[in-house]
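Here is how the chains run, residue by residue.
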Amino acid sequence: MPHPPFSPAHARAARLRIGLTPEQVAAAMSQLGLHRTATAVLSWEQGTLAPSEPELFALSGALWCPVPELMALQPRSLREHRLARQFTADRLAERIGMDAPAYARAEQDHHWTGTSRQTLLLAEALGLEPDRLLRVIRRAGDLDALLRQAVEGRWKQHTAALARLVDAPERTVARALRTLHQEHGRFNEAYMGHVVARSDEARLREIATERAAWLYDLTRRFLALVGHGDGPVP
């Protein structure tokens, strides 16, 4: 599973606000059941490493800081709402009586297949009204689909629709789409270059894996580029 959204600057600000050293943060995390070093805490603050979901939850507790503040965003997707409530995917699936792989697919595909009872339990766990929960899932799905069409095809024709969907200026959205379209193009150029050069299959699989990871993170990168989140954009 990819690392959750995370803002190194917000984490450091939260630590300084309560006057803790990295060593004290690590000690507080250990008391919460997750043993990490002060070096790890500093690596997160410097942006050289990103915390996993359990590390994000423990850091939130150690800093007395809400998870959304450390993510530097208002939750939009199903996964972000889950993280904000400090649920692992498996624990939330168990709570609502859903098969864990089925729940994971719902998060990834933004397509909810749960029963009415599971929907009610999910909404309750996430602190959302059921109708708002379904809008969250559908909206994220629409955004993902439009973004993929934009980066894989003619991005300009999707600018207005995406600007309406995320409530951002068209000029800002256009700049973000141009950047993402260029990044996607570099993956294709690299792949075809290795095909022409008859590189070994391992290198082709590596590029394909990198592209898949980039596509998985596409929505977060887009929202950061248009200013709907202060998480780092590598």
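Residues numbered from 1 in each chain as written. Predicted model: local features only at pLDDT ≥ 70, side-chain atom pairs only at ≥ 80, totals over all residues. Heavy atoms only, no water.

A. Representation of the pattern of salt bridges in the model. Scanning the entire structure with this criterion turns up 7 salt bridges. For the salt bridge of Arg36 with Glu55, the shortest nitrogen-to-oxygen distance reads 2.6 Å. Here Arg36, found in the loop between helix 2 (22-31) and helix 3 (38-46), pairs with Glu55, found in helix 4 (residues 53-63); they are 19 residues apart in sequence, far enough to count as distant. Exposure remark for Glu55: the relative accessible area of 11% places this residue in the buried category. The partner of Arg221 in a salt bridge is Glu183, with the nearest N and O atoms 2.5 Å apart. Residue Arg221 is located in helix 14 (residues 218-225), and its partner Glu183 is located in helix 12 (residues 170-196); the two are separated by 38 residues in the primary sequence. (Salt bridge = Lys/Arg side-chain N within 4 Å of Asp/Glu carboxyl O. Helix = DSSP H or I, 4+ residues; strand = E, 2+ residues; numbered from the N terminus. Buried < 20%, exposed > 50% of the residue type's maximum accessible area, 1.4 Å probe, protein only.)

B. Examining helix 8 (residues 100-109) more closely. If you check which residues of helix 8 are buried, you get Ala102, Tyr103, Ala106 and Glu107. Buried residues of helix 8, viewed axially, fall in a sector of 140 degrees; they line one side. Summarising the contacts, the buried residues of helix 8 are in contact with helix 6 (78-84), helix 7 (89-96) and helix 9 (116-126). His110 sits one or two positions beyond helix 8 and adopts a positive phi of about 55 degrees. (Arc of directions from axis to C-beta. Contact = heavy atoms within 4.5 Å.)

C. Examining the environment of Ala100 more closely. The topology assignment puts Ala100 in helix 8. Look at Ala100 and you get partly exposed, because its relative accessible area is 29%. Through-space distance from the C-alpha of Ala100 to that of Asp90 is 5.6 Å; in sequence the pair is 10 residues apart. Sequence-distant contacts of Ala100, defined by excluding residues within four places in its chain, comprise Asp90 and Ala93.

D. Spotlight on the environment of Glu69. Its place among the elements puts Glu69 in helix 5 (residues 67-71). Taking C-alpha positions, Glu69 is 30 Å from Thr209, a pair spaced 140 residues apart along the chain. Residues in contact with Glu69, not counting those within four places in the same chain, are His10 and Arg17.

E. Structural detail: the confidence of the model for the chain. Per-residue confidence for the chain gives a mean pLDDT of 86; residues scoring 70 or more make up 91%. Of all helices and strands in the chain, the one with the weakest mean pLDDT is helix 13 (residues 201-216) (75), whereas helix 4 scores best (97). The low-confidence segment residues 229-234 (pLDDT under 50) makes 20 contacts with residues lying over four places distant or belonging to another chain. (pLDDT = per-residue confidence, 0-100.)

F. Up close: the side chain of Glu45. Turning to its location among the elements, Glu45 is positioned in helix 3. A polar side-chain atom of Glu45 sits 2.6 Å from a polar atom in the side chain of Arg15. Leaving out residues up to four positions away in the same chain, Glu45 has contacts with Pro8, Ala11, Arg12 and Arg15. (Polar contact = N/O pair within 3.5 Å; in protein donor to acceptor, adjacent residues only side chain to side chain.)

G. Quick look at the nonpolar core. Core analysis: the largest hydrophobic core is formed by 23 residues, its most contacted members being Phe6, Val25, Met29, Trp44, Leu59, Leu63 and Leu70. Sorting the residues of this core by element identifies helix 1 (8-17), helix 2, helix 3, helix 4 and helix 5 as the ones contributing at least two each. If you tally residues by element for this core, the top one is helix 4, at 6 residues. Leu70 has contacts with Phe6, Ser7, His10, Ala11, Leu56, Leu59, Ser60, Leu63 and Cys65, leaving out every residue within four places of it along the chain. By size, the runner-up hydrophobic cluster in this structure holds 22 residues, among which are Ala168, Ala176, Leu215 and Val226. (Core = buried A, V, L, I, M, F, W, Y, C linked by side-chain atoms within 4.5 Å.)

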